[in-house]
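Here are the chains, one letter per residue:
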Amino acid sequence: MSSHALIPRNSLVWLLTAQVVALMPHLPRLPLWVAVLWLGCAVWRVQIQRMRWRYPGLVVRMLALAAVTLGVYLTQGTLIGLDAAVMLLLMLFMLKLLEMRRPRDALVVIYLGLFIVATAFLFDQSIPLALFQCFSLLLLVAALVGLQQTPGRNDPARAMRMAGVLLLQAVPLMIVLFVLFPRMGPLWAVNAPGQQARTGLAESMTPADVAELARSGGLAFRAAFDGAPPVQSQLYWRAMTLSRFDGRTWSQSPLASGSMPRHWEPQGESYSYQVIATASHQPWVFSLRGASSDDERLLLNRDFILQARRPLNQGMAYRAMSYPASLLEPLELETQQRRLNLHLPEGFDPRSRDFAAELRQSHPDDADLLQALLRHFNREPFHYTLRPTPLGQHSNDEFLFDSRRGFCAHFAGAMTFVLRAAGIPARVVAGYQGGELNPRGNYVLVHQFDAHAWVEAWLPGQGWVSVDPTFQVAPERIERGLQEALQSEGSFLEGSPLAAVRYRNIGWLNNARLFWDDLNYQWQLRVLGYQSDRQSEFFRRWLGSADWQRIGLVSLVVLLLCMLPMAWWILRPARRPVSRQRRAWLKLNRRLARLQLQAATGEGPRAWQQRLMQTLPGQQAEISDFFDEYVRLSYATAPGAGEGSSRQLDLALRALLRALPRSRPPRPITLAGLPDE
Amino acid sequence: MISRLGGQTSVLFQHWLKRRIPAASQVRLNHRRIFIMPTRAGMGLLLLLVIMLIGAINYQNSLVYAVVFLLGSLFWVGLHHTYRNLAGLELQANGSLPVFAGEEAPLNLTLLSERREHQAIVLFWPSTPRRQVDVEPGLSTSLSLYYPSTRRGWLKPGRLRVETRYPLGWFVAWSLVDLDWQVLVYPKPLNLPLPGLQAGGAGEGDQLLAEGVDDFQGLRSYQPGDSKRRLDWRAWSRGQGLHSKVFAEPRHTSQWLTLEQTPGQSLEQQLSCLTGWVLQLEQRRRPYGLALPGNRIGPALGETHRDACLRALALHGVAR
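Owing to the predicted nature of the structure, the values given are computational and were not obtained by experimental measurement.

Thresholds, definitions, all that
- Note that residues are indexed from 1 along each chain, following the sequence as it is written.
- Chain A is the first chain written and ligand 1 is the first ligand written, with later ones labelled in order.
- Under the rules for a predicted model, residues below a pLDDT of 70 receive no local features and side-chain atom pairs below 80 are neither given nor counted, while totals for whole chains, interfaces and linings still include all residues.
- By our criterion, buried Ala, Val, Leu, Ile, Met, Phe, Trp, Tyr and Cys residues that link up through C-beta atoms within 7 Å make up a nonpolar core.
- Exposure classification rests on a simple neighbour count of other C-beta atoms within 10 Å of a residue's own: a residue reaching 20 or more is buried, one at 12 or fewer is exposed, and one in between is partly exposed. C-beta atoms are placed from the backbone.
- Put simply, DSSP H or I for four residues or longer makes a helix, DSSP E for two residues or longer makes a strand, and each gets a number counted from the N terminus.
- Contact criterion: two residues are in contact if their C-beta atoms, reconstructed from the backbone, are within 7 Å.
- Two strands make a pair as long as DSSP finds a minimum of two bridges between them.
- With the strands aimed away from the viewer, a crossover counts as right-handed if its path from the first strand over the helix to the second runs clockwise.
- A helix's residues, less one, multiplied by 1.5 Å, set its expected span.
- Throughout, the arc means the angular range of directions from the helix axis out to the C-beta atoms.
- With axes taken as lines fitted to C-alpha atoms, and helix axes fitted only over the stretch in contact, angles between N-to-C directions fall between 0 and 180 degrees.
- Bear in mind that the domain bounds are from an automatic or database domain assignment.
- Side-chain classes are defined by residue name, with Ala, Val, Leu, Ile, Met, Phe, Trp, Tyr, Cys and Pro counting as nonpolar, Asp, Glu, Lys and Arg as charged, and the others, Gly among them, as polar.
- For classification purposes, angles smaller than 35 degrees are called roughly parallel, those larger than 145 roughly antiparallel, those between 65 and 115 roughly perpendicular, and all remaining angles oblique.

(A) Molecular detail of the nonpolar core. Core analysis: the largest hydrophobic core is formed by 121 residues, its most contacted members being Leu140 and Ala143 of chain A together with Val64 and Val67 of chain B. The greatest single-element share of this core, amounting to 14 residues, is contributed by helix α3 (residues 62-86) of chain B. The residues touching leucine 140 of chain A, leaving out its near neighbours within four places in the chain, are Ala18, Ala22, Ile110, Gly113 and Leu114 of chain A. In this structure, Tyr236, Ala239, Trp250 and Ile305 of chain A belong to the second largest nonpolar core, which totals 86 residues.

As structure tokens, this is what we get:
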């Protein structure tokens, strides 16, 4: 590559294609003018190549750079941080087109492209994107190969073929490196990419304001149990407690996030499971009641809920163990906690307070009162719906005594209110309920529409007890899931007509959905989740120990075992191109050898033909057909001109082979006709 | 001091190279003769990979890891492909014609590949521009490289660098081959008036000479060394074989050329002057002889004679 060379057209073709492909995954996150800018730059560059336009001058380039930087600043609000950096990089990637004169500039663009392909994974790690980026890499490598080709060779497909071969040959070593390269923790703290929309649970709930609850069919998390999973009605996935109530909204208390160890007694059956949470950009993780985990990234907060130390900016897999029947804080409740969980704002819901007082009078025992309240939800005509009536100032009063229509948040909020008013410490627990078992991968799939809220009340001697008023109203919601509960209403996933989950009743579609989900699950678990803990688990399983010396030694051996055959394969001697006549000749002679007929060394085709015709008088016609064709092709045609007629040779050969006897002819072969050499 | 040390190492290197890749007119590149190193582009890629790896570690991102490892193994695969692109290539030096000093000496070369295609093979000497060729399998590719000649005598271009960066440009595989080329470089001709000819007499002599050429005597069968200008093409086209026309010898006396006749100050200028005269006399078809100290070539005419004279001039005082 001399310094004065121009960029070959081969390379430019792939470069421009690769650029648009590499930019594509980023475009949805970026404003429209970015796409317009790329188009402008690309058109300009093509016009330069066609010698219609000229390269922009220094002033234009500086202005463009300044304008683009300003654009990034206006879009992102800052120039610091990952998002702004990636966007700026994308801009440079486009603008560099306009000063790409020499192969060296093209190299810079290709390297920027490689970087941009990698950064797309910071924002999305799905299987489709991974496949798409393989394609981007292929195009970038093709551009790289095109850069090295001899200029004037107008053959972009060849560069692409070479790039494909190179990448395929690189795959085995990549896999070995991926598995063996030691994973470590972050070198320094980094900001999460994206002020992306947080998904999943909200931090607070205000049931009174909701006129229609839209729920998505998106995935919240998956959980794989070591043994059989509990029945669906017991799958209460706890994510947070909402203890603060301001008269309308239930929200988290900052007190909950402390990690002081509380007293609890594991009891009953235990479940060991692994949860693979999707990136929610929130700190919630999901566990069953009575959970504990060895995972360093998690902590158990004082409300007995597992929480992540940092928001889940990417998928996260963790193991936990739960005793759902445990006693939580059974001995006594701290004063501060008691006050928090009994607090009700003044001036709201007088009728509910009266109702609580009535209940208290008839049921002096806390446990009795709790049961009575649940019975109340069961007996009275409450209706489970995702289209509740909006409620006014005294929301609990209106819900409990007037509208009686609502979803889990209404029931849980109202029940907690009444319990508190009756002097029983209570709080709302938010999380997910239920899940769909994927029989293919034997794991439970929990969707966003499985979000749920229920109630925890503190009873002396029993500690915190979980109760679910929704179960009293709509048991099918708990036992069989939301879709069943809403069958008559038809409001299940109304907002997303294309969500595959909606069509669970269509057999093949459901199978396809579950298959795709299993694929994603394995991807999440085995590929995306392959970090230090899973890696050491992997080593322990295969090597028996996680001893570093042993791992190092085995890694070295495996690397060599992968690299040496690969090197040999690449450097293997190329096959000498064999002409078609030669191949036909060899094929015929192999077949004749079975009849114990062999051409003598140096015997020409005509002599050989003579001999054959004498020994095989039955096949004389076929033999002479083949040899006539052979001789004509080998000696009478210009080399390379016999493409069409060599098909005739093949035909003649096939006819001859078919005509030859299966085994040695019964008549002994006389060698009398052998011509002298 | 340092430069002396550098000079010594370079001498040692040349010596080592001579043993490793001895001079031969035909060389097949193999692992003993090929060197390979990452290029700056390759180092740049490694730097990029380190940055990406840090990103993968910090963001705990498996797919960024995967990209890093894929490019890393591509780097390793590229190493073998670059080597493979050069290995097995055969270089064969073909004969080369003499040139006059100052001209570019054409060095003929054939590249052969038995089985494999070799793409983007770059050939050059440190002082010459690069020449890039593709070699198809089973075919031979012939080309001429040009090497500037500066001095008369034997021109021996140094080792030819054969290199390739194909396919990825991350590695450069090269070999330094000595194809044992040597080109005879005649002195640069100077066009000075011939000695012993008056300004007017020159024209007269030309006339005489012209008559002499026209003094056609007959034909004799062609012998190697006969001037092409005297071939009887007409007879040849009639299929009567190759014949040379024979003319009557010009009647004037032949001319001896010596160093003493030349006006130049230095030996090189004098030889250049003699070269010019040889060419002029040959063109005018006047027999000439060359008398150099220690080398006498009797008067004659013809291309063979001219070449012998030019060769004597080129090699005068040059140790073989």
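(B) Seen up close, the pairing of strand β15 (residues 255-258) of chain B. Residues and elements named next belong to chain B. Pairing analysis gives four bridges linking β15 to strand β16 (residues 288-292), with the strands arranged parallel. From the neighbouring strand, tryptophan 256 faces β16, where its bridge partner is glycine 289. Remark: the β15/helix α6 (residues 267-284)/β16 crossover connection has right-handed handedness.

(C) Highlighting helix α2 (residues 32-49) of chain A. Residues and elements named next belong to chain A. Between its first and last C-alpha atoms α2 spans 26 Å; for 18 residues at 1.5 Å apiece the expected length is 26 Å, and the two agree. Taken residue by residue, α2 has Val34, Leu37, Trp38, Cys41 and Arg45 as its buried positions. Each buried residue of α2 sits inside an arc of 100° when the element is viewed along its axis, so together they form one side. Facing away from the buried side of α2 by over 90 degrees, the exposed positions are Leu32, Trp33, Val36, Leu39, Val43 and Gln47. Count one or two residues on from α2 and you reach methionine 51, which has phi positive near 65°.

(D) Seen up close, the interface of chain B and chain A. Between chain B and chain A, the contact holds 43 residues from the first and 47 residues from the second. Elements supplying a minimum of two residues to the side of chain B that touches chain A: α2 (40-59), α3, β6 (118-124) and β7 (131-135) of chain B. Sorting elements by how many residues they give to the side of chain B that touches chain A places α3 of chain B first, with 18 residues.

(E) Region of interest: the sheet that holds strand β17 (residues 443-447) of chain A. Residues and elements named next belong to chain A. Strand order in this open sheet of six strands is β8-β11-β7-β2-β17-β16, and the pairing throughout is antiparallel. Strand pairing shows two members of the sheet lacking a second neighbour, β8 (291-292) and β16 (436-438), which therefore form its edges. Relative to strand β11 (residues 316-322), strand β7 (residues 271-277) runs antiparallel, the two being bridged by seven bridges. Residue alanine 277 lies in a different strand from β11, and its bridge partner there is methionine 316.

(F) A look at the sheet that holds strand β3 (residues 90-93) of chain B. Residues and elements named next belong to chain B. Taken together, the four strands give an open sheet; going across it, the order is β1-β3-β5-β8, and neighbouring strands pair in antiparallel fashion. Of all the strands in the sheet, the pair left with one neighbour each is β1 (26-28) and β8 (140-148). Sheet twist, expressed as the mean angle between neighbouring strand axes with direction ignored, is 25°. Across four bridges, β3 lies against strand β5 (residues 104-112) in antiparallel orientation. If you follow leucine 91 over to β5, its bridge partner there is leucine 111.

(G) Spatial organisation of the domain arrangement of chain B. Residues and elements named next belong to chain B. For chain B, the domain assignment lists domain 1 (20-186) and domain 2 (199-314). Averaged C-alpha coordinates put domain 1 and domain 2 at centres separated by 46 Å. Counting residues at the interface gives five residues for domain 1 and six residues for domain 2. At three residues, the largest contribution of residues to the side of domain 1 that touches domain 2 is made by strand β12 (residues 183-186). Looking at the side of domain 1 that touches domain 2, its residues break down into three nonpolar, one polar and one charged.

(H) Structural context of the packing of helix α7 (residues 156-180) of chain A against helix α18 (residues 548-571) of chain A. Residue and element names in this part refer to chain A. Orientation of α7 relative to α18, taken along the N-to-C sense of each, is 175°, at an axis distance of 10 Å. Taken together, the axes of α7 and α18 lie roughly antiparallel to each other. Two secondary-structure elements touch here, α7 through Gln169, Pro172, Leu173, Val176 and Leu180 and α18 through Ser555, Val558, Leu559, Cys562, Met563, Met566 and Ile570.

(I) A look at the domain arrangement of chain A. Under the domain assignment, chain A is made up of domain 1 (9-180), domain 2 (218-507) and domain 3 (580-659). The straight-line distance from the C-alpha centre of domain 2 of chain A to that of domain 3 of chain A is 85 Å.

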